[in-house]
Amino acid sequence: MDMAVRQQNLLDLGPAGMAAWFEQFGERAFRAEQILKWIYHQGVMDFQAMTNLSQALRDRLQQSASLELPHIQSEQVSRDGTVKWLFDVGRSNAVETVYIPEPGRGTLCVSSQVGCALNCSFCATGAQGFNRNLSAAEIIGQVWQAARSLGHERNGERKITNVVMMGMGEPLLNLEALLPALELMRDDLGYGLASRRVTVSTAGLIPGMDALNEHIDVALAVSLHAPIDELRNQLVPLNKKYPIADLMAACRRFVADKHKRSVTFEYTLIDGVNDHPEHARKLIKLLRQVPSKLNLIPFNPFPGTRYQCSPPDRIQRFQEIVMRGDIIATVRKTRGDDIAAACGQLAGDFSDRTRRRERIQLQVQASA
Ligand code: SAH
C-alpha cells in the first residue's frame, strides 16, 4: 500500500463534511447518509460489513478512508451507577467521559481537550495544564464508545438522552472540532438529540459564544461562580479578559437570537469564598438581566486544592435566597465522587497514576 496517501478518518466529518467528502471522492452524496447510519445508528466500524455498499466501493473506502475511535483505557462504575471511562488519546494522554443515569434520563459528560489552558483555581483539570485539542473523531468517539458500552438503543430505550460538554477542557477554544461533533449529536443521521439536550458549557469565552450561536442550535451553560469581577478574576482568570458585564451582554445576544431559550449558569459553592448571602443577593441582580437557570454545584475537593465545600446549611441558605429572588435554582447532586468522576475532578492524564490513586483514597476516606 502507498503509505504516502493519507486516509481520511470519517469520524472527523459532520453530516455536511461527509457529503462534501463523498462528492470529491466521486460518489453521490447519499452515500454519506448510508455511512452515517452505519456508524451512528448501527454502530458498525468496518467498511466490509456495510452491506448496502457495492464491494468495489467498500474496497475503495478501505484504501482512502478510516474509522478511528479513541480507545477505552478503563471503565469504572460508581456505587451510585455513574460510569467513568478513561480514553487513551495517544502519547500517554487520556481524557475522561462520565455517564450519569437518573430516573427518566441519562446524561453523558464529554471532554473537548486534553487538559485545559484556563487555569480556574478550583478545578482539577485546570491544575493539570493544557496538552492539546481533541479532534472531532475523539469527541464524537466518546459518545460512540459510551453508547456501545451502555447498550444505548437496546430494547428501543435510549440510554443517552442528553450530552453536556462539561468534561475536560474549554469546548469553545476548540470550535473547529466541536462543531462537527455537535452536528453529529444533533442530526437525525447521528444521535438525533434535540437542541435542548445538547449543552455546551463555557468559562465565558465571548467570541466563542457568538460563533456557537451563529453555527448551531444547542443549549448554553456559563460557568459563573462569582457575581463580582474582583472575585471572579481569582476563580476564573479568563474573567480579566471577558468581565462579567460583557459576559452578560453576550448571554443576552445568545437568547435574543433563539428567544425560546434560557442560559444555565453554573456556580460552584466554595466554603467562605463565594457562598455568602451577599453573593447570593448580588447574583439575583445579575441573573435578572437574562432568562436564566442557576445550577449550584457543591465544590468537589481534589488533592492539593486549598478550597473546601460549603457546609450543607449554607448551600441551602444560598439556594433559598436566590429562589426568593425569583431565580430557578437547583443544587447539583454530587455523583460518582467515589471514582473521582464528579465535576472538577476529571484529571484524565494517566501518567499521573500515583496522584489518581491518592485521590481515590481521599474520596473513600471522606465518604467513610
Ligand atoms: N471549561 C468549561 C467546561 C467544563 S464544565 C466550563 O468551564 O464551563 C465543568 C464544570 O464544573 C464547570 O462549571 C466548572 O466550573 C465546574 N467545576 C470545576 N471544578 C470544580 C470542582 N472542583 N467542584 C465543582 N465544580 C467544579
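Residues numbered from 1 in each chain as written. Predicted model: local features only at pLDDT ≥ 70, side-chain atom pairs only at ≥ 80, totals over all residues. Heavy atoms only, no water.

**Q** So what's going on with the site of the ligand? Which residues, and what values?
**A** Near the ligand, the surroundings consist of 22 residues, among which Phe122, Ser201, Ser223, His225 and Asn300 are the closest. Between the ligand and serine 201 there is a distance of 2.6 Å, counted from an oxygen atom to a side-chain nitrogen or oxygen. For the ligand, a nitrogen atom lies 3.2 Å from a polar atom in the side chain of threonine 268. Here the ligand loses 94% of its free accessible area of 530 Å² to cover by the protein chains. For the shell around the ligand, the secondary-structure elements that each account for two or more residues are strand S10 (198-202), strand S12 (263-269) and strand S13 (292-298). A per-class count over the shell around the ligand returns 11 nonpolar, 9 polar and 2 charged. (Near = heavy atom within 4 Å. Polar contact = N/O pair within 3.5 Å; in protein donor to acceptor, adjacent residues only side chain to side chain. Areas by Shrake-Rupley, 256 points an atom, 1.4 Å probe, with all protein chains shown as cover. Helix = DSSP H or I, 4+ residues; strand = E, 2+ residues; numbered from the N terminus. Nonpolar A, V, L, I, M, F, W, Y, C, P; charged D, E, K, R; others polar.)

**Q** I'd like to hear about the packing of aromatic side chains, residue by residue, with values.
**A** Evaluated as defined, the whole model comprises 7 aromatic pairs. Both rings, one in tryptophan 21 and one in phenylalanine 25, keep their centres 4.6 Å apart while their planes meet at 20°; by these two values the pair is stacked. Each of the two residues, tryptophan 21 as well as phenylalanine 25, counts as buried. For the ring pair tyrosine 40 and tyrosine 191, a centre distance of 5.6 Å and an interplane angle of 70° mean the geometry is edge-to-face. Remark: tyrosine 191 occurs in the loop between helix H6 (175-186) and S10 and tyrosine 40 occurs in helix H2 (residues 30-41); sequence separation between them is 151 residues. (Phe/Tyr/Trp six-rings, centres within 6.5 Å; stacked < 30°, edge-to-face > 60°. Buried < 20%, exposed > 50% of the residue type's maximum accessible area, 1.4 Å probe, protein only.)

**Q** Account for the domain arrangement of the protein chain, with residues named and values stated.
**A** When cut into domains, the protein chain gives domain 1 (8-66) and domain 2 (71-367). Computed over C-alpha atoms, the centres of domain 1 and domain 2 are 33 Å apart. Counting residues at the interface gives 16 residues for domain 1 and 13 residues for domain 2. Broken down residue by residue, the surface that domain 1 buries against domain 2 is led by Asp12, Pro15 and Tyr40, which jointly contribute 45%. (Domains from an automatic or database assignment. Contact = heavy atoms within 4.5 Å. Buried area = accessible area lost by both parts, 1.4 Å probe.)

**Q** Could you give me a rundown of the state of the cysteines, with the residues and numbers involved?
**A** Throughout the structure, instances matching the rule amount to 0 disulfides. Between cysteine 123, a free cysteine, and cysteine 120, which holds the nearest cysteine sulfur, the sulfur-to-sulfur gap is 6.3 Å. Of the cysteine sulfurs around cysteine 251, a residue in no disulfide, the closest is that of cysteine 120, at 15 Å. (Disulfide = S-S within 2.5 Å.)

**Q** Describe helix H7 (residues 206-215), naming the residues involved and giving the relevant values.
**A** Residues of H7 that are buried: Ile206, Gly208, Met209, Ala211, Leu212 and Asn213. Where H7 is buried, its residues contact H6, S10, strand S11 (219-223) and helix H9 (244-257).

**Q** Run through the sheet that holds strand S3 (residues 71-77), naming residues and quoting values.
**A** With mixed pairing, the 10 strands of this open sheet are ordered in space as S3-S4-S5-S6-S9-S10-S11-S12-S13-S14. Only two strands of the sheet have a single neighbouring strand rather than two, namely S3 and strand S14 (328-331). Averaged over all neighbouring strand pairs, the angle between strand axes comes to 20°, with direction disregarded. As paired elements, S11 and S12 share 3 bridges and run parallel to each other. Counterpart to serine 223 in the pairing with S12 is glutamate 266. Against the sheet, H9 makes contact with S11 and S12, and its axis sits at roughly 145° relative to S12, the strand it touches most. Lying on the sheet, helix H11 (residues 312-324) is in contact with S12, S13 and S14; it crosses S14 at an angle near 165°. (Pairing = 2+ DSSP bridges. Axes fitted to C-alpha atoms, helices over the stretch in contact; angles between N-to-C directions.)

**Q** Give me the packing of helix H5 (residues 136-150) against H6: which residues, what numbers.
**A** Packing of H5 against H6 brings their axes to within 8 Å, and their N-to-C directions diverge by 30°. Of the possible angle classes, the one that applies to H5 and H6 is roughly parallel. The way H5 lies across H6 gives a crossing that is right-handed. Touching Ala136, Ile139, Ile140 and Val143 of H5 are Ala177, Leu178, Pro180, Ala181, Leu184 and Met185, all from H6. Counted by class, the contact of H5 with H6 contains 10 nonpolar, no polar and no charged residues. (Parallel < 35°, antiparallel > 145°, perpendicular 65-115°, else oblique. Left-handed = near helix turned anticlockwise from the far one by under 90°.)

**Q** Could you give me a rundown of unusual backbone geometry, with the residues and numbers involved?
**A** The backbone of arginine 91 sits at a positive phi, close to 45°, despite the residue not being glycine. Its location among the elements puts arginine 91 in the loop between strand S4 (83-88) and strand S5 (94-102). According to the relative accessible area criterion, arginine 91 is exposed, its value standing at 81%. With phi around 65°, aspartate 326 is a residue other than glycine that occupies positive phi space. On the basis of relative accessible area, aspartate 326 is assigned to the exposed category, the value being 69%.

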